[in-house]
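Analysis of the macromolecular model
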Amino acid sequence: MDNRSEVPYGTLDLMVLKTLDALGTLHGYGIARRIEQVAEGSMELNQGTIYPALLRLEQRGWIASEWGISENNRRARFYSITRTGRKQLAAEAENWSRTVAMVNRLLEGES
Amino acid sequence: MRLRVWAMRLRGLFTKPHLDEEIDTHISLLAADFERRGMEPAEAHRQARRQIGGVTQVTETYRDQYRLPLFDTLANDFRYAWRQLRRSPIFASAAVLTLGLGIGANTAVFRGLDALLLRSLPVRHADELVQLRPLDLDKPGTFSYPVFRDIATSQQVVAPMFAAGDAWIQAAAVQGGGNIRLEHSRLVSGGYFRILGVDAVLGRTFSEEDDRPGAPGVAVLSFKIWQREFGLARDVVGKVLVLNSKPVTVIGVAPRSFLGERILLTPDAWIPMSMQPQLGGVNWLGERGFNFVDVMGRRRPGVSIQRAQAVLDPQYRRLLERESGRDRLLVVSGRHGITLPEIQSTLIDPLRALMWMVAAVLAIACCNLANLLLARGAARTHEIGVRLALGAGRSRLVRQLLSESLLLSGLGTLLGVALAEWATRLLVAYATDDEFSRGNFGTWLDWHVLGFVGVVSVAATCLFGVAPALAGTRLDIRSALQTNWRTQSQGRPRQLLGKAFVIVQVALCLMLLAGAALLGRSLWNLQRQDLGYRPEGLIIADLPLDMTRDFGPERNKFFTGLRQPLFGKINAIPGVRSAALSDGGPFGHMSYSTELSLPGRPSRPSDHTREIRVSPRYFETMRIDLLAGRGILESDREKTPKVVVLSQTAARTFFNGADPIGHYISFELTFDQHKAWQVVGVAHDVRIESPRENFAAAVFVPIEQQSSPFHSVVVRTDRDPTAMAGTVRAALAELNRDLAVGDIRPVSEILDDQLAGEQTMAALAAGLGVLALVMASVGLYGVISYAVAGRTQEMGIRLALGASGGQLTGLVMREVGLLLAAGIVVGAGASAACTQVVRSMLFGITPRDAGWLVLAGLLLILVASTAGYLPARRAASLDPLEALRQE
């Protein structure tokens with residue numbers, strides 16, 4: 001039985017930001033792999049969807065990118081978090097904890 | 001969406017996303033990973049592709065986010081529209097050309113009006129400026145200097161104020177350095193520059209200090225003169241000019257942008273008013289009766305124009321010496337400067353009318369385009385039906401069709417702006433001879449003009465684009481998908497729309513033709529106006545007077561002494577049939593009016609009698625008919641009894657139809673027996689100043705008995721007038737070198753010059769009318785062709801059932817007739833409502849000239865019917881079998 005779940009809606013941005021915050025500059029593949037590693041197979045990431053997310057974050061000014069050379073000697077875009085991105089991460093992380101806590105309380109109350 | 005995101009996406013329009021490369025790298029890295037875990041390379045690659053998910057989908061999402069979606073589709077639409085237009089180059093170039101002509105003409109005329117009417121003077125707070133305009137029997141005039149002083153000092157609504165009047169500079173030279181040309185100088189009161197807030201670009205302007213009697217003479221030069229006469233040399237300040245033999249020091253130069261307070265009349269120099277008596281020889285500054293200054297001022301804060309008028313008008317009337325009720329004072333905005341009545345009537349009114357005409361032409365062009373687009377839309381019904389069936393939104397399709405219109409109008413606008421640039425040059429050249437004013441007058445493209453162009457082209461696009469786009473997409477899909485568009489049910493409303501456009505075109509066209517007919521008729525009236533004398537074969541030599549020296553007792557003697565020899569000499573020139581002198585020839589620059597009283601009938605304020613001093617043979621030379629009595633003869637000398645000849649109107653006005661011969665008049669307010677003149681003749685009325693004027697009361701006085709400097713010689717000849725002019729000039733020079741001789745020209749030529757404006761206007765109106773006629777005919781042709789094509793099958797059936805070709809033609813022509821009739825009814829009504837626009841330019845149009853309008857209508861009917869007949873003929877020549885076989 002496949003018990004892997006889809007990426008919860010709206011959390012991909014948060015995960016990308018956190019990854020870049022923790023590991024510094026990474027290319028798209030590196031970000032995707034890191035997220036999968038942390039998920040330990042509990043979540044199915046459609047790796048391609050990371051690129052529209054990266055574009056969105058960059059357009060908002062939360063991450064920056066530049067061209068570089070990957071470990072297998074190909075051109076790749078390397079992303080890093082910006083200052084406003086860190087602020088956004090802090091705000092969204094708090095938001096997330098609050099949501100999780102609220103949902104937890106709700107679920108505990110039910111049982 | 002946030003601004004930043006907008007900006008990024010906007011930038012995205014011009015950059016390329018490099019997603020493909022990123023994804024490739026991603027896949028190769030992932031595959032390498034799989035290989036490391038022991039997969040076959042090919043298998044690893046396949047696996048990596050699967051892992052990354054639908055690449056196409058990702059790429060699409062990415063691209064949508066990368067750019068502004070609206071712009072993206074817009075760019076697509078334009079690319080598509082461009083391809084569509086390229087596919088029909090004839091349609092596209094015709095459309096762009098007509099739009100370009102229409103928009104160009106509108107822009108050019110607007111630029112003229114903008115420069116004349118909408119631009120503020122380049123001075124500080126121009127909106128506070130007002131002009132005080134005295135009206136004498138509703139005719140605008142000027143103030144005398146004492147009256148200006150009284151108004152300026154006795155109220156607080158408009159303060160400060162300045163006066164400005166023309167200075168007559170006959171001779172100008174730089175001390176120790178040759179003559180310069182000063183055509184037009186302005187005497188202005190000391191506050192002029194301070195009140196307008198104009199600073200000198202070089203040196204200084206003058207102030208009240210420089211404008212007091214006895215102050216050293218100073219002048220501020222215009223930029224134009226600084227450039228033309230001094231080559232922008234900075235040492236011009238301090239140079240001494242000799243104006244009318246009086247020394248005047250140049251103290252400064254006005255800025256390039258400052259062209260004076262009057263529209264289209266840039267002074268060459270400004271001189272303090274206190275210099276007037278020295279420059280003019282006669283002191284006008286103390287003369288309450290001598291009107292020569294324009295007055296402007298600044299409104300006090302909080303004082304409206306209405307309030308200023310309410311205070312100033314009664315005050316002005318009190319100040320005047322005569323209490324006649326014919327004088328009024330009008331306060332008008334001075335923000336755009338003073339518009340001379342001549343400029344109003346010769347430039348502004350015609351431009352206004354022209355604006356309406358070119359707008360109508362543009363509207364006709366738009367209707368034509370709308371019809372063409374409708375027809376194109378019809379041909380694309382099937383395609384649009386397919387797209388609707390496949391799920392395209394109607395608004396999306398409308399947008400796509402509109403982008404074609406936008407592209408057309410965009411190209412048309414570009415062409416129009418280029419044409420306008422060229423046309424503006426022509427207009428400006430027509431408006432002013434002055435090179436410098438041309439450079440400064442409306443030849444720049446600024447936001448005024450660009451805004452206008454934008455509004456016009458968007459309005460035009462809406463006019464021709466929206467309706468066809470809406471009509472083109474309102475389809476019943478099922479019927480649209482049928483292969484044959486002729487059987488579709490949408491044809492009717494669309495044809496109705498097309499017919500509405502044709503009716504509008506016909507109506508507008510009729511209006512333009514009617515306008516052209518009336519203007520042409522006016523010109524014809526003016527050219528054939530009864531002047532009271534015969535202009536053919538008449539030459540007039542202008543003897544300009546020098547204001548500084550020609551008005552003294554000594555000069556009077558000079559002219560008196562010259563009179564007889566001159567008269568004798570010109571009458572002896574071979575080829576001269578008759579010649580005479582007068583103090584104001586036809587179309588001269590000056591005319592004199594006089595009071596005229598009879599025993600028991602004092603002069604009235606409403607009388608306006610012109611006094612013309614003439615030598616013997618004047619009536620014979622001019623060929624003015626003598627209706628009773630005799631003319632002025634050689635025997636009327638200084639010491640003989642004083643006599644006058646009245647014009648017909650004068651005789652009627654003062655004698656109420658009784659025979660005036662032998663009666664006495666005097667040139668005083670009330671009849672004075674000791675200064676009485678006997679009426680010896682009655683002459684035909686004359687129009688002396690302009691062919692437009694009404695016959696007015698005039699009195700001819702022997703120049704021997706009312707001595708004055710004469711300033712024109714009239715010569716009647718049978719010979720070539722141009723050659724004769726040289727002979728007359730030589731004779732005058734031979735007689736006395738001291739006599740200044742100006743232009744010597746045939747009167748008919750002067751008359752043509754006077755009517756040049758009317759001629760241009762009539763020609764322009766006729767040209768626009770013809771253009772409108774052509775466009776409307778093309779429009780009608782198109783609509784009828786389309787209708788006939790849509791009814792081919794019906795026609796075939798009718799033919800098969802025995803209808804004759806003629807009957808079918810008649811059927812179509814009935815439609816043409818209905819369209820024309822509707823258009824003409826609408827156009828006639830609208831024309832009647834719009835006569836105001838051209839009224840001020842019409843001359844001598846009577847209700848009897850309605851025939852001309854009918855003629856214009858007939859021309860329209862003839863041309864338009866022909867345009868409709870061509871497709872109607874086609875209906876008749878159909879082969880019934882062919883027509884029926886068409887699906």
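Keep in mind that this is a model prediction, so the values were computed, not measured.

**Quick word on the overall build of chain A**
Of the regular secondary structure elements, chain A holds 4 helices and 5 strands. Its helices and strands taken in sequence order, chain A reads β-α-β-α-β-α-β-β-α from the N to the C terminus. Principal-axis analysis of the C-alpha atoms gives chain A an extent of 55 × 40 × 20 Å. Counting every atom, chain A has about 6,700 Å² of accessible surface; 50% of that belongs to carbon and sulfur.

**Details of the overall build of chain B**
Counting its regular elements, chain B contains 28 helices and 24 strands. Against the 2.2 N^0.38 benchmark of 29 Å for 887 residues, chain B shows a C-alpha radius of gyration of 38 Å, more extended than a compact globule. Each principal axis of the C-alpha atoms in chain B carries an extent, and together these give about 135 × 85 × 55 Å. Counting across all 887 residues of chain B, residues that qualify as buried make up 51%. Of all intrachain contacts in chain B linking residues separated by at least 6 positions in sequence, the fraction that spans at least 24 positions is 80%. Positive and negative side-chain charges of chain B, numbering 96 and 82 respectively, have mean locations separated by a distance of 7 Å.

**What about the packing of helix α7 (residues 145–153) of chain B against helix α11 (residues 305–319) of chain B?**
Residue and element names in this part refer to chain B. Their axes nearest at 10 Å, the elements α7 and α11 cross at an angle of 135°. Between α7 and α11, the crossing angle belongs to the class labelled oblique. Handedness of the α7/α11 crossing: right-handed. Taken together, the residues of α11 that come into contact with α7 (itself represented by Val147, Asp150 and Ile151) are Leu312, Tyr316 and Leu319. When its residues are assigned to classes, the contact of α7 with α11 shows 5 nonpolar, no polar and 1 charged.

**Remarks on the interface of chain B and chain A**
Across the contact, 25 residues belong to chain B and 29 residues belong to chain A. The contact between chain B and chain A buries some 2,300 Å² in all, and 55% of this surface belongs to carbon and sulfur atoms. Taken as a group, B:Glu22, B:His26 and B:Leu29 account for 25% of the area that chain B buries against chain A, more than any other trio of residues on that side. There are 2 salt bridges connecting chain B and chain A. Linking chain B to chain A there are 8 residue pairs in polar contact (both at pLDDT 80 or more). Residue assignment for the side of chain B that touches chain A shows that the elements contributing at least two residues are α1 (3–12), α2 (19–36), α3 (41–52) and α4 (55–66) of chain B. Top element by residues in the side of chain B that touches chain A is α2(B). It accounts for 11 residues. Partitioned by chemical class, the residues of the side of chain B that touches chain A number 10 nonpolar, 8 polar and 7 charged.

**Examining α4(B)**
Relative to the 16 Å expected for 12 residues at 1.5 Å per residue, α4(B) spans 16 Å between its end C-alpha atoms, a close match to the ideal helical length. The complete set of buried residues in α4(B) reads B:Val58, B:Tyr62, B:Gln65 and B:Tyr66. Seen end-on, α4(B) carries its buried residues on one side only, within an arc spanning 100°. Facing away from the buried surface of α4(B) by more than 90 degrees, the exposed residues are B:Thr56 and B:Gln57. Looking at the buried side of α4(B), the elements it contacts are α3 (50–59) of chain A together with α1 and α2 of chain B.

**Looking at the packing of helix α12 (residues 341–379) of chain B against helix α24 (residues 756–790) of chain B**
All names here are of chain B. Where α12 contacts α24, the axes come no closer than 10 Å and their chain directions differ by 15°. Judged by the angle between their axes, α12 and α24 are roughly parallel. The element α12 and its partner α24 pack so that their crossing is left-handed. Here Pro350, Ala353, Leu354, Met357, Val358, Val361, Ile364, Ala365, Asn368, Asn371 and Ala378 of α12 come into contact with α24, specifically with Met761, Leu764, Ala765, Leu768, Leu771, Ala772, Met775, Ala776, Val778, Gly779, Val783 and Tyr786. Of the residues assigned to the contact of α12 with α24, the class counts are 20 nonpolar, 3 polar and no charged.

**Re the packing of aromatic side chains**
The geometry of an aromatic ring pair is captured by two quantities: the separation of the ring centres and the angle between the planes. Residues and elements named next belong to chain B. Applying the stated criterion to the full structure yields 18 aromatic pairs over all chains. Look at Trp284 and Phe292: their rings are 5.1 Å apart centre to centre, the planes differ by 65°, and that puts the pair in the edge-to-face class. With respect to class, Trp284 is no different from Phe292; both count as buried. One Lys or Arg, Arg387, reaches over the ring of Tyr80 and ends 5.7 Å from the middle of that ring.

**Describing unusual backbone geometry**
Residues and elements named next belong to chain B. Here the residue pair Ala159 and Pro160 is connected by a cis peptide bond, since its omega of 0° sits within 30 degrees of zero. With respect to the helices and strands, Pro160 occurs in strand β4 (residues 158–167). Located in the positive-phi region is Arg617, a residue other than glycine, with phi close to 70°. Tracing the backbone shows Arg617 in the loop between β17 (609–614) and α20 (618–622). With a relative accessible area of 26%, Arg617 lands in the partly exposed category. Even without glycine at this site, Arg623 takes up a positive phi of about 60°. Relative to the elements of secondary structure, Arg623 occurs in the loop between α20 and β18 (626–629). Judged by its relative accessible area of 37%, Arg623 falls in the partly exposed class.

**Concerning the side chain of B:Ser28**
Topologically, B:Ser28 is positioned in helix α2. Since its relative accessible area comes to 11%, B:Ser28 is described here as buried. Excluding residues within four positions of it along the chain, B:Ser28 makes contact with A:Asn72 and A:Arg74.

**Some details on the sheet that holds strand β4 (residues 63–69) of chain A**
Taken in spatial order, the 3 strands of this open sheet run β2-β5-β4 (chain A), and their pairing is antiparallel. With partners counted over all chains shown, the strands left at the sheet margins are β2 (26–27) and β4 of chain A, one partner each. Strands in contact with helix α1 (residues 11–23) of chain A are β2, β4 and β5 (75–81) of chain A; relative to β5(A), the strand with the most contacts, it is inclined by about 90°. Its contacts with the sheet put α2(B) on β2, β4 and β5 of chain A, and the angle it makes with β5(A) is roughly 95°.

**Some words on the confidence of the model for chain B**
All names here are of chain B. Looking at chain B as a whole, its pLDDT mean stands at 83, while 92% of the residues score no less than 70. Note that residues 485–490 has pLDDT below 50 and, in this model, 19 contacts with residues that lie over four places away or in other chains. For this predicted complex, the interface confidence score (ipTM) comes to 0.85, while the overall pTM stands at 0.72.

**Observations concerning the pattern of salt bridges**
Residues and elements named next belong to chain B. Here the structure, examined in full by the defined rule, presents 39 salt bridges over all chains. Residue Arg288 is joined to Asp150 by a salt bridge in which the shortest nitrogen-to-oxygen separation is 2.9 Å. Here Asp150 lies in helix α7 and Arg288 lies in the loop between α10 (276–280) and β12 (291–299), a separation of 138 residues in the sequence. Judged by its relative accessible area of 25%, Asp150 is partly exposed. The salt bridge involving Arg186 is made with Glu261; its shortest N-O contact spans 2.7 Å. In this pair, Arg186 sits in strand β6 (residues 185–188) while Glu261 sits in the loop between β10 (246–253) and β11 (269–272), placing the two residues 75 residues apart along the sequence. Each member of the pair, Arg186 as well as Glu261, is classed as buried. In the salt-bridge network here, residues are joined through shared partners; they are Asp166, Arg186, Glu261, Arg262 and Asp294.

**Re helix α2 (residues 28–39) of chain A**
Compared with the 16 Å implied by 1.5 Å per residue over 12 residues, the 17 Å span of α2(A) between its first and last C-alpha is a close match. Listing the buried residues of α2(A) in full gives A:Gly28, A:Tyr29, A:Gly30, A:Ile31, A:Ala32, A:Ile35 and A:Ala39. Tucked inside the fold, the buried residues of α2(A) contact α1, β2, β3 (43–44), α3 and β5 of chain A together with α2 of chain B. A:Glu40, located one to two residues past α2(A), shows a positive phi value of around 50°.

**With respect to a nonpolar patch on the surface**
Together, A:Met102, A:Val103, A:Leu106 and A:Leu107 give the surface a local cluster of nonpolar side chains, amounting to about 380 Å² of exposed area. Residue position: A:Val103 is located in helix α4 (residues 83–110).

**Quick look at the environment of B:Tyr869**
Inspection of the secondary structure puts B:Tyr869 in helix α27 (residues 850–876). Other than its neighbours up to four places away in sequence, B:Tyr869 contacts B:Thr809 and B:Met813.

**Concerning the nonpolar core**
Residues and elements named next belong to chain B. Core analysis: the largest hydrophobic core is formed by 88 residues, its most contacted members being Leu99, Met357, Phe464, Cys509 and Leu860. Looking at which element gives the most residues to this core, the answer is α12, with 21 residues. The contact partners of Met357, leaving out residues within four places of it in the chain, are Leu512, Leu519, Met761, Ala765, Leu768 and Val838. One finds Leu132, Phe148, Val157 and Val295 within the second-largest nonpolar core, a separate group that totals 49 residues.

Cut-offs applied
- Residues numbered from 1 in each chain as written.
- Chains lettered and ligands numbered in written order.
- Predicted model: local features only at pLDDT ≥ 70, side-chain atom pairs only at ≥ 80, totals over all residues.
- Heavy atoms only, no water.
- Helix = DSSP H or I, 4+ residues; strand = E, 2+ residues; numbered from the N terminus.
- Areas by Shrake-Rupley, 256 points an atom, 1.4 Å probe, with all protein chains shown as cover.
- Rg over C-alpha atoms; globule rule 2.2 N^0.38 Å.
- Buried < 20%, exposed > 50% of the residue type's maximum accessible area, 1.4 Å probe, protein only.
- Contact = heavy atoms within 4.5 Å.
- Lys, Arg positive; Asp, Glu negative; His and termini not counted.
- Charge placed at Lys NZ, Arg CZ, Asp CG, Glu CD.
- Axes fitted to C-alpha atoms, helices over the stretch in contact; angles between N-to-C directions.
- Parallel < 35°, antiparallel > 145°, perpendicular 65-115°, else oblique.
- Left-handed = near helix turned anticlockwise from the far one by under 90°.
- Nonpolar A, V, L, I, M, F, W, Y, C, P; charged D, E, K, R; others polar.
- Buried area = accessible area lost by both parts, 1.4 Å probe.
- Salt bridge = Lys/Arg side-chain N within 4 Å of Asp/Glu carboxyl O.
- Polar contact = N/O pair within 3.5 Å; in protein donor to acceptor, adjacent residues only side chain to side chain.
- Expected span 1.5 Å × (residues − 1).
- Arc of directions from axis to C-beta.
- Phe/Tyr/Trp six-rings, centres within 6.5 Å; stacked < 30°, edge-to-face > 60°.
- Lys NZ or Arg CZ within 6 Å of the ring centre and 35° of its normal.
- Pairing = 2+ DSSP bridges.
- pLDDT = per-residue confidence, 0-100.
- Patch = residues over 30% accessible without salt bridge, like charges linked within 9 Å, V, L, I, M, F, W, Y side chains within 5 Å.
- Core = buried A, V, L, I, M, F, W, Y, C linked by side-chain atoms within 4.5 Å.

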